[in-house]
Amino acid sequence: WAAGGKTMVANTGKSRIGIVFDGGRSKAEWLLFIQMHEQYISGRRTVLAELLLNRRFADVGREAGASPVNYAKAVSNRTIELRVPPVYRKFAARFVDVVKSIRGSYYYGPPPDKEMDNLARRLETGKPEEKYQASVTLEGIGSAAVGYLEKVSGDDWTTLYSGQALCYLNSDIGRTRIIAACESSTDEIRYEAVRFLSNLSGRTTIQALRAKVLDPSNRISIEALKGLMGRGDEYAKKTHVSGFDLVAVPGVDATLIVSSSGRPVIAVTGSPMPLQGTVELRLDGIGIGSTDSDHVGIITSLGSVAETITVKATAYDILAALARHNPPFEAVRKVITALEDAGNLPYKVTWME
């Protein structure tokens with residue numbers, strides 16, 4: 001079939017439970033509207049396209065025991081309505097490119113071996129944009145392309161793009177390649193790999209995300225944090241207040257990360273470490289001082305009622321106590337700065353502006 005014309009992505013208000021790589025919920029349907037070129041307008045062609053697309057994507061992201069899903073529907077002799085499978089929601093642009101790569105001849109079977117070999121060679125030796133296009137084309141072909149994708153080798157772009165395609169085609173090698181791409185020396189590749197990894201399940205995925213929390217690139221570090229935060233308190237315990245998110249991240253070397261870009265995030269990673277020396281801090285509405293070697297007293301008038309409490313002398317316990325009063329981000333930022341300047345913090349703070 002030949003598809004062309006304008007492609008539109010839109011949200012509807014229809015809510016549903018969606019299947020994503022790590023299991024989760026989707027709030028709305030995402031729709032594509034595919035229009036045939038005028039010279040190809042035909043009710044028969046749109047029905048064939050509907051059948052082709054449903055055959056290709058019916059099992060994408062389907063859990064064991066679940067029924068196949070028909071995502072495509074011919075709504076006129078020119079237009080096909082195509083729902084974006086939940087596993088593609090975060091990467092809808094890739095799904096569009098995969099759909100665009102599907103040729104009408106694929107309805108009758110995969111392309112010849114020579115064509116598959118050429119695509120695999122382009123994925124190995126082409127420019128990054130050529131590698132990407134080759135990967136989505138092989139992905140569009142479907143299960144017949146898995147063997148070709150698994151055999152390719154090349155630079156880190158090859159590893160990333162082939163890994164993404166293999167993940168969508170349910171090959172375990174895909175996850176291995178995405179994790180390998182997370183170690184690339186190129187920031188853009190590491191970022192895309194971590195962003196993709198956030199959607200995959202499995203213990204090795206968690207380990208890789210934890211490792212990337214301390215990546216030297218700030219945006220990669222935050223992307224890894226977001227990936228862990230989306231998996232529950234076991235991996236990243238989040239306290240949400242109006243001005244910022246406070247996150248405790250176990251399984252990572254102890255440090256403190258403060259990001260003020262977008263919605264502010266304050267992440268305390270690793271096992272709780274006691275503050276160093278004697279703590280004495282006075283700011284507007286906040287007073288913090290040592291009561292003994294293991295505890296500090298906090299006096300705050302940030303809320304409607306002043307409160308005095310005693311907590312363990314760790315950065316996370318102090319910040320969690322302050323968060324109870326829903327303080328502004330800048331107030332908590334000043335507390336962290338003051339503790340850092342006084343030499344009370346047992347680790348270096350990573351400031352992400």
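Along each chain, residue indices are assigned from 1 in the same order as the chain's sequence is written. It should be noted that, the model being predicted, local features are given only for residues of pLDDT at least 70 and side-chain atom pairs only at 80 or more, the latter also being counted only at that level, while totals for whole chains, interfaces and linings use all residues. Side-chain calculation: all heavy atoms of the structure are included, whereas hydrogens and water are not.

1. Quick word on the pattern of salt bridges
Thinking step 1. Note on definitions: salt bridges are taken to be side-chain nitrogens of Lys or Arg within 4 Å of carboxyl oxygens of Asp or Glu. Applying the stated rule across the entire model yields 12 salt bridges.
Thinking step 2. Residue R190 pairs with D187 through a salt bridge whose shortest N-O separation is 2.8 Å. With R190 and D187 both in helix α8 (residues 187-197), this residue pair falls three residues apart, about one helical turn.
Thinking step 3. Residue class for R190 comes out buried when judged on its relative accessible area of 6%.
Thinking step 4. For each residue, the accessible area found with a 1.4 Å probe, counting protein chains only, is set against the maximum for its type, and the residue is called buried under 20%, exposed over 50%, and partly exposed in between. We classify D187 as partly exposed; its relative accessible area is 40%.
Thinking step 5. For R195, the salt bridge identified is with E192, shortest N-O distance 3.6 Å. Placement of the pair is R195 and E192 together in helix α8, with a separation of three residues, close to one helical turn.
Thinking step 6. The class for R195 is partly exposed, based on a relative accessible area of 22%.
Thinking step 7. Taken together, the salt bridges that share partners define one network made up of E183, D187, R190, K212 and D215. The secondary structure listing takes helices from DSSP runs of H or I that are at least 4 residues long and strands from runs of E that are at least 2 residues long, numbered from the N terminus.

2. With respect to unusual backbone geometry
Thinking step 1. One non-glycine residue with positive phi stands out, namely N170, at about 65 degrees.
Thinking step 2. Look at N326: it is not a glycine, yet its phi comes out positive at around 50 degrees.
Thinking step 3. Along the polypeptide, N326 turns up in the loop between α11 (315-323) and α12 (329-341).

3. A short note on the environment of I80
Thinking step 1. Assignment of secondary structure puts I80 in strand β4 (residues 79-83).
Thinking step 2. The sequence separation of I80 and T46 amounts to 34 residues, and the corresponding C-alpha distance is 6.5 Å.

By themselves, these observations are geometric and do not establish any function.
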